[in-house]
Amino acid sequence: MLLLHVVGIAYFTSGFLLTRLMLDDKSVCDAPPTLNTSTTNGIVDILPNWKGKGTVDGGCWHPKTFERAVVVVVDALRYDFTVPVKDDAPFHNAFSFMYDTALASPNNAVLRPFIADPPTSTLQRLKGLTTGTLPTFVDVGNSFAGTAIEEDNLLMQLRDAGKRIVHLGDDTWESLFPGYFQANLSRAYDSFNVWDLHTVDNGVIEHIFPLMKRKGEWDVAIAHLLGVDHAGHRYGPDHPEMAKKLQQMNTFIKDLASNIDDDTLLIVMGDHGMDSKGDHGGESEDEVEAALWMYSPKAVFGRTKPEYVTPPAIAKTRPVNQIDLVPTLALLMGIPIPYNNLGHPIEEAFVGPHGTAWDRLAAAERMAAAGIKRYQTSYFSARGIEQATTPGSPADLWDKAEASVPKDKVKKGHSWEPVFSAYAGYQKETLDYSKSLWARFDVKNMVIGISIMASGVIALLVYINKRTEDDDVLVIEDSELDHAEKSLELQGITADEAQTLEKRLFRAAILGALPGFFGGLLQSYLSGNGDWYRGSSIGAFTSVATVLVALYDAEGAYFNVLPNTLWGWMAVVFTVSQSIGFASNSYTIWEDSIQVFLMTTFGIVTALSAFRMESLPDRYMAIYHSILFVLLGRLASFSKLCREEQMPYCTSTYYASGTSSTSAPWQLVIPFIAVMILPSIIKAYLAPSRSYEGLAPTWIGYVFRAGLFFSAIYWVLDAADNGQWLSSLSSSLSSYLPSSASEALSSLPPLPDKALKTLSVYTAQMILGLALVAGSTAFVWAPPCISIVTTALRRSPADASSNPLAAIPGAQTAQVTVLGYGNAHGARYLLLPLNFFVALSLLTKPMGAGALALTLWQSLSLLEILDLLNLPIGSNPIGPVMLALLGQNAFFKTGHQAVLSSIQWDSAFIPLYSIKYPWSPILVVLNTFAGQILATILVPMLVLWKSGPKRRGILGSVSRALAVFVAFYATEALASMMWAGHLRRHLMLYRVFSPRFMTAAVTLLVVDVVGVLVGLSGVRVNTMSVAEVFGWAD
Amino acid sequence: MPLVDPVTMSSSAIVKGAVAQSASTTKATSGSQGTDSTTTTMSTGASSSLATLRPVHIKQTLAAQTVRHALPAALTALYLLRFDALVADPVPVMRNALPVVAALQMTYALLCLPAAGEPASKSNRKPRPGEKKKGGDIGSSTIITALLASVLTSVVTPFLHFAMALFGAPFLTHGSHTFLCAAHLALLTFFPLFYVHGVDSAAWAAVGGFRAPLDETFGGLVGGLFGAWLGAVPIPLDWDREWQKWPVTILCGIYGGYLLGRILGGTLFWGKRF
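Quick caveat: nothing in here was measured; it's all calculated off a predicted structure.

### Quick notes on the overall build of chain B
- The helix and strand inventory of chain B stands at 11 helices and 0 strands.
- Walking chain B from its N terminus toward its C terminus, one meets helices and strands in the order α-α-α-α-α-α-α-α-α-α-α.
- Here chain B holds 274 residues, and the buried ones make up 45% of them.
- Long-range pairs, those at least 24 residues apart, make up 81% of the contacts in chain B with a sequence separation of at least 6.
- Accessible surface, chain B: about 13100 Å² in total, of which carbon and sulfur atoms supply 70%.

Rendered as C-alpha cells:
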C-alpha cells in the first residue's frame, strides 16, 4: 500500500509540478558566449574593441556604463499607480514623480510597464529578477534548506566580480542570498507581517540616505520596501492608507533621485502588481503588471522613436518583461549576463541619448541572444532532447540573425536596426518556446497518478469492508463462545483465517506487482524511451488488481461501501465533505476552522446520543467526555498560525506576534502546565480500569513527567538564548546592586557566547534519547501494567489468566486479584504514544506542545466515548476517522498551514548545531507532522483500550483500524490531487491547491510509514508481552 | 403551581429504564464485548420508555388550525421582509424582531399546542358539539406554562450561545450577534418543546437522544439545529457577499430548517422516529 501511494504520488507529481532542470554553469567574464560562434561563423564582434574589454573594470561583454547601482523594489507597485489616470481613486495620481521625470527629461529617466511571470509571489519574482529565467514551482536541485538560489544570478556575478552589495528591507533577500551582503551596512526586516505598514519602509528610508553619502563602501545597494504591498493586503488598494503610502514613496524616490551621482544607476521597480483586493500570487493582469523606472543624472537613455518618450498609458503597450532587467543591468554594470538568462536588453538603456546608437543596441542584443543560445544548447543536451530546426523555430531564427551580421569589416553607416530585430526575434521565439516547455502539465501522467491513487483507495475500502465482516464474526463468537471449550477451537480457526488474510493479500500484492513491474521495465526498455517509472505504474496497477481478486476470492464478494449506521455516515460525511472542500480555495484556506467545526459536531452528536443510554452513570460519563472533547478542541483552536490568505480575519497566536517566529514569555509557561497536569490526567484515565499499576506509575509519573519538564526547560533556555536574557539580566542586576557587588559580578568571567546553545542542545539530545531510545527499549521489555494482589497463597499469573474476572474467591485457600486486567493491552500500549509525545513536544514550539497535550487528552476522551457508546472498532469507522481528524487538527494547531512558508525549518536545529543528514530532515518532518504522527501511533489504542488479554485477533483489528485511518488520509490526498490537477489553470494554484496537495501527499506517506513501522510493530511487541504473562490468546 | 409533570408518564419510564439499566450493567460488567446482548436489552428498554412519549397533536379548533398554517407564512414573510436590513446591520434587526417572533411563537403555543401537564388525550379527542368552546379556552394555567416556558427558553439561550462558540463562532467579539442568534434559535425550536414537555426529564432525554417521535415541535428542533449547522457552510467562501457576514447565514439556516422541519414533522413524517 505504501509503495502504491509512493508510485501514485510520484506519477502525479511528475506530471503536475512544473520542473526545470537547473544548470550549474556560470558565465565568466572573459568568455563571452559570442566567442565560439564568432570563430565558426567568421563574424567579427559588432562593436570595435573597447578599453578594458573582458575585465570587470572596462565591462566584460559590453562597455560598462555605471559604477554603482541602487535598486529599489517597491513591492506590489502596479503600473497604473505610477501613471496619470483620470479618476479620484486613492491609488491613482499619488506617485507621479517617476512619470513626470520620464516625460520631462527622457534622457535621464525611463518608465515602462514591467510584466512579471506568474507565480507572482515575491520569492518567485526575486528568483526571476536575478536569474533571468522563468520560475517554476519546484526547481529541481533545490537543497534541503530550500530557499537559497544556487543558479547563476546577478548577485552571484556581482559578488564574483568583487562588487560589494548592500541590502535593506525585506528579509526574503537574506534567505535567497545568504552571505552575499555587507553585514555592517545591510538591514533586513521581517517580510510577512502584513499588518505593519511602516517598519520596513521607515527602516529602509532611515538607512539608505546615510548610505548615499558613504559611496566608497558599496557598489550595489538593494532596497526592498513592503509598505505598498502590505497596505494592499491589509486594506486593498482602494483606501486612504494606500494613497498615503504611495505619496510617501513619491517623496522618497524624489529625495533619493536627488542624492544619486552621475556614476550611479537608480532603478525603481515593482516585483509584481496586486489584484483589486490588494493580493497577488496568481496570473491575472493586475497581478503581473508592475512598473519599472530607470534613472541617472547622466544623459544615458534614449528612445528609438520620438513618440516613445511618453510612458505608455496602460500596461498593455510596450511592456518590458521582468527578466529583461537581468541582461540590462548586467551589461550596464559591466558584468557577465547570468548563464540561464532568457531576457534581452531594454532598448532605452543602450540606444544612446539620441536614439541612434543601433550598433551598441545590436551588440548588446546579440550578446544576450548568444547567451540564450548557449544556455539552450546545454539545457537540451542535459535533457537529451533534440532542438527543432524547422523554419520559424528558434534555431532557424538564430541562423538567420547570424547571417544578417556583416562578415567583414563593418562599413560606416551600416544599418544595424535589422540585425537588432533579427536577434530580438530569436529571443522572443526562444522565450515563448521555453514558456510552453516549462508551463506544460503532463496530463497523461497526472491521470495515471490519480487512477493509481483511486484504485488504492478502493482496495483499502474493500479491505475495510472485508475486515468488518470478519470482525463482526469474531466479536459474536467471542462473546458467545467464551466459556465453551469446544467452540474455542472453532474460534481459533476463524482467527487463524483472519490472520492469514493479510498474509495472502500481501503475497498477492507482491505477486501481482512483480510481473507487472518487469513487464513494464521490459516494455520501456524495448521502446527505448527510458521512462523507468512506467514499469512501476504497471506494477502498481497489477498489484491492486491481484489484491482485489484475492479479496474477492477470500470469501464471497460482499461489496457494500455505504455505511449503515449514523456513525458510519458521519465518518463518510466528514471525509467526503473535506475532500469536496478542497475544490474550493476558500475551504482549503479555512480548513483549520472547518476541522474544529467537524470535531465539535462529533462531540455534540456523541453527547446527544449519550441520552439514549439507559445507565445513568454511563450516560453522564459519556456526556462529560463528549463535552470535554469539544471544549478541549475549542481550547486548542486558540493556538493558530494564520496563512496570508486568511488576513485580515485572523490573528496568529502561535508566536509572540505576527512578526516573529519566537515564543512569547507567557507561552513558555504552557509546557510547565503540561508537566504538572498531563501525567495526572493520564493517571485519571488509567485509574478507573485499575491499570495505573506495574510500570505505569514509574513511567508516567516520573519518566514521562521528567521528559516533559526537560523539554519545557529546553524552551526556556532557547528563549533565553534568543532574547539575550542573561546579558540583560546581569546588566540590570549590576544597576541595582551596590557598586562593590557589581564589580565582583563583572569580574566574573562572562559566560561563553554559545553556552546557552550548548546547554539547550544537550538537553534536547538527552530528551530525545530518553524518549525514543530508552523509551522504546523500556516499551519492548516492560511487563503489562497490572499488578497481582494475592491475600494468602501465591499463585502463578498463568493461573490468574484462567479467571477472567478481577477477583475469584478461592474455595478455601486464597484470593487473587489482578489489577488492571480489563485494560491490560491498552494501558501497556499507551506507554509507546507517551514516549513519542515527549519527543514531539520537544520538537514543537511551546504553544504547539500545549496543543499536542490537548490533542492527547482529547484522544483519551475519544477512547472513553467510543468505549462508553459501545462503538467497537470492528464495525465502526468513526473512531479512526475522528483520530485522523484530531491529527489533522493538531497539524494546524502546532503552527502549521498547508503552505510551504509555514514549515518550521528551525526545528532542525533543536538538538543539532548544523544540518546533518539524515537527521535534520527527519526532525523537520517530526515537527511538521507531529499531530498526524501522534494520531497514527494512537490508532491501535482504539482497539486495545479497555480490552483484556483474552482479546483475539488484535493484530487484524488494528490493521483494519489503521486501514480506515490511512483511507482517510488517502482520500484527502486523492481529492486534493484531483482538484489540483483539475484546477491547474486556477489563479490560486500555486498559493492554495499545490501546497495543499503536497501537504496531503507527504502526510499520507508519513502516516503510512509511521503506521507500519511504529504502530503495527508496537502492537506486535505489546501482544507478545501481554501474552507472556497471560498465555497466548489464540 | 399548576405546572405538574405527567407523573404517570415519567415515573413509569424511570422504572422501566432502571430495570433495563440493571440488566445491561450486569452484562457490561462481564467485561466481554457483549454487543448483541446489550443492544437487545437497550432497545427493549428504550422502546418501552418511548412508547409512552406520544407525538404532539395540534389542537383541532378552528383557531388552532388557522394559526398553524398562518404562522409559518408569517415567519417566512417577516424573515424575507427584514432580510435586506438584516444583512445591512444584523444586531438591531435581530433585536427588534425578537419580540415579534416571541409573540408569534406564544400565540402558536397557546392556540395550537397542548401545554405540559394537560392530558394529551383531551386535545386528541374530537371535540363534541357542546365542548367546542372549552377546547379553545386558554386557561390561566396554560398562560403560566407559556410564561415558564419562555423563562426556560431564556435560560437555555446562553448555553446555545456557548455551543455556537464551540462550533467556532467568534468567542471574544460579536457577542451580541451570537447571543441574539442563539436567542432566535431558542425561541423558535426550544420554546414550543418547553411548552409541551415542561421539565419532564424522560421526555427531554428522549428529545436529547433524538428518539422522540417527530411532530411539529420536535421536527422544528431537528430542522432548526440542522439548518443552523448547514448555515455555517457558505461562510468561508470568498464570494465577498454581504450576506456572508456573521450570523446571517446561520439565522437563515435556522429559519429555513425550523419551518421545513416543523411542516414536515407535522405532516409527512408525523409520528416517525429516527
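Structure shown, so let's carry the discussion forward.
### Regarding the pattern of salt bridges
Residues and elements named next belong to chain A.
- Scanning all chains against the criterion turns up 21 salt bridges over all chains.
- Close ionic contact of Arg318 with Glu347 constitutes a salt bridge, the shortest N to O distance being 3.5 Å. Of the two residues, Arg318 sits in the loop between β9 (289-295) and β10 (320-321) while Glu347 sits in the loop between α11 (325-333) and α12 (358-383), which places them 29 residues apart along the sequence.
- Overall, Glu347 belongs to the buried group, its relative accessible area being 16%.
- Shared partners join several salt bridges into a network, and the residues in it are Arg112, Arg318, Glu347 and Glu348.

### Description of the UniProt feature "transmembrane region" (unreviewed entry) in chain B
All names here are of chain B.
- UniProt's entry tags residues 138-164, 176-196, 217-236 and 248-270 with the feature "transmembrane region" (unreviewed entry), counted in the numbering of this structure.
- Taken end to end, residues 176-196 comprises 100% helix and 0% strand; its first and last C-alpha atoms sit 29 Å apart.
- Along residues 217-236 one finds 75% helix and 0% strand; the C-alpha atoms at either end are 31 Å apart.

### Examining unusual backbone geometry
- Cis geometry is found at the peptide bond from B:Trp246 to B:Pro247, where omega equals -10°.
- Secondary-structure assignment places B:Pro247 in the loop between α10 (216-231) and α11 (248-266).
- Positive phi, close to 55°, is recorded for A:Arg690, a residue that is not glycine.
- You can see A:Arg690 is positioned in the loop between α22 (669-686) and α23 (696-723).
- With a phi angle near 55°, B:His174 is a residue other than glycine that sits in the positive phi range.

### Some remarks on the environment of A:Leu852
All names here are of chain A.
- Mapped onto the fold, Leu852 is located in helix α29 (residues 846-868).
- Assessed through its relative accessible area of 0%, Leu852 is described here as buried.
- Distance in space between the C-alpha atoms of Leu852 and Thr894 is 7.4 Å, their sequence separation being 42 residues.
- If we ignore the near neighbours within four places in the chain, the residues touching Leu852 are Phe837, Leu840, Ser841, Thr844, Ala890, Thr894, Ala930, Gly931 and Leu934.

### Some words on helix α3 (residues 97-104) of chain A
- If you check which residues of α3(A) are buried, you get A:Phe97, A:Met98, A:Tyr99, A:Thr101 and A:Ala102.
- Buried residues belonging to α3(A) abut β3 (109-115), α9 (240-258), β8 (264-269) and β9 of chain A.

### Considering the sheet that holds strand β6 (residues 187-189) of chain A
All names here are of chain A.
- In spatial order, the strands read β6-β5-β7-β2-β8-β9-β3-β10; together these 8 strands make up an open sheet with mixed pairing. Two strands lie at the open edges of the sheet, namely β6 and β10, each paired on one side alone.
- As judged from the 6 bridges shared by strand β2 (residues 68-74) and β8, these two strands associate in the parallel manner. If you follow Val71 over to β8, its bridge partner there is Ile267.
- Contacting β3, β8 and β9, α3 crosses the sheet at an angle of about 125° to β3.
- Packing against the sheet, α11 makes contact with β2, β3, β7 (220-225), β8, β9 and β10, and its axis sits at approximately 170° to β8.

### Examining the packing of aromatic side chains
- The full count for this structure, using the stated rule, is 30 aromatic pairs over all chains.
- For the ring pair B:Phe226 and B:Trp229, a centre distance of 6.0 Å and an interplane angle of 15° mean the geometry is stacked. Taken together, the residues B:Phe226 and B:Trp229, both in helix α10 and 3 residues apart, mark about one turn of the helix.
- Among the aromatic side chains, those forming a connected cluster through ring pairs are A:Phe597, B:Phe167, B:Phe226 and B:Trp229.
- The lysine or arginine in question, A:Arg828, covers the ring of A:Phe779, its NZ or CZ lying 4.8 Å from the ring centre.
- It is B:Arg262 that lies over the ring of B:Tyr108; its NZ or CZ is 3.8 Å from the centre.

### Regarding the pairing of β3(A)
Residue and element names in this part refer to chain A.
- Of all 7 residues in β3, 6 are buried; the element is thus mostly enclosed.
- Relative to β9, β3 runs antiparallel, the two sharing 7 bridges. The residue bridging Arg112 from the neighbouring strand is Leu292, located in β9.
- With 2 bridges joining them, β3 and β10 adopt parallel strand pairing. From the neighbouring strand, Phe114 faces β10, where its bridge partner is Val320.

### Topic: the environment of A:Ala424
Residues and elements named next belong to chain A.
- By the element assignment, Ala424 lies in helix α14 (residues 417-438).
- For Ala424, a relative accessible area of 17% translates into the label buried.
- Separated by 23 residues in the primary sequence, Ala424 and Ala401 place their C-alpha atoms 9.0 Å from one another.

### Section: the confidence of the model for chain B
All names here are of chain B.
- Residue-level pLDDT values for chain B average 75, and 73% of them are 70 or greater.
- Segment residues 1-50 is flagged for pLDDT under 50; beyond a separation of four residues in sequence, or across chains, it makes 53 contacts in the model.
- For residues 120-136, every residue scores under 50 in pLDDT, and the model assigns this stretch 9 contacts once sequence neighbours within four places are set aside.

### With respect to the state of the cysteines
Residue and element names in this part refer to chain A.
- Summed over all chains, the structure comprises 1 disulfide over all chains.
- Each sulfur of the disulfide joining Cys29 and Cys60 lies 1.9 Å from the other. Across the S-S bond linking Cys29 and Cys60, the dihedral sits near -95°, which makes this disulfide left-handed. One end of the pair, Cys29, is in the loop between β1 (19-20) and α2 (34-41); the other, Cys60, is in the loop between α2 and β2, and 31 residues separate them in sequence. Grouping residues by exposure puts Cys29 and Cys60 together as buried.

### Let's talk about the side chain of A:Thr894
Residue and element names in this part refer to chain A.
- For Thr894, the location among the structural elements is in the loop between α30 (878-893) and α31 (919-928).
- The class for Thr894 is buried, based on a relative accessible area of 0%.
- In contact with Thr894, not counting residues within four places along its chain, are Tyr654, Thr844, Gly848, Leu852 and Gln904.

### Considerations on the pairing of β7(A)
Residue and element names in this part refer to chain A.
- For β7, a buried count of 6 out of 6 residues is recorded, marking the element as mostly surrounded by other parts of the structure.
- Of the two faces of β7, the one carrying Val220, Ile222 and His224 and the one carrying Ala221, Ala223 and Leu225 are both buried.
- Sheet analysis places β2 next to β7, joined by 6 bridges and oriented parallel. Residue Val73 lies in a different strand from β7, and its bridge partner there is His224.
- As paired strands, strand β5 (residues 165-170) and β7 are joined by 5 bridges and run parallel to one another. Across the sheet, Gly169 pairs through a bridge with His224, a residue of β7.

Thresholds, definitions, all that
Residues numbered from 1 in each chain as written. Chains lettered and ligands numbered in written order. Predicted model: local features only at pLDDT ≥ 70, side-chain atom pairs only at ≥ 80, totals over all residues. Heavy atoms only, no water. Helix = DSSP H or I, 4+ residues; strand = E, 2+ residues; numbered from the N terminus. Buried < 20%, exposed > 50% of the residue type's maximum accessible area, 1.4 Å probe, protein only. Contact = heavy atoms within 4.5 Å. Areas by Shrake-Rupley, 256 points an atom, 1.4 Å probe, with all protein chains shown as cover. Salt bridge = Lys/Arg side-chain N within 4 Å of Asp/Glu carboxyl O. UniProt positions renumbered as here; feature names shortened; annotations may be inferred. Pairing = 2+ DSSP bridges. Axes fitted to C-alpha atoms, helices over the stretch in contact; angles between N-to-C directions. Phe/Tyr/Trp six-rings, centres within 6.5 Å; stacked < 30°, edge-to-face > 60°. Lys NZ or Arg CZ within 6 Å of the ring centre and 35° of its normal. pLDDT = per-residue confidence, 0-100. Disulfide = S-S within 2.5 Å.

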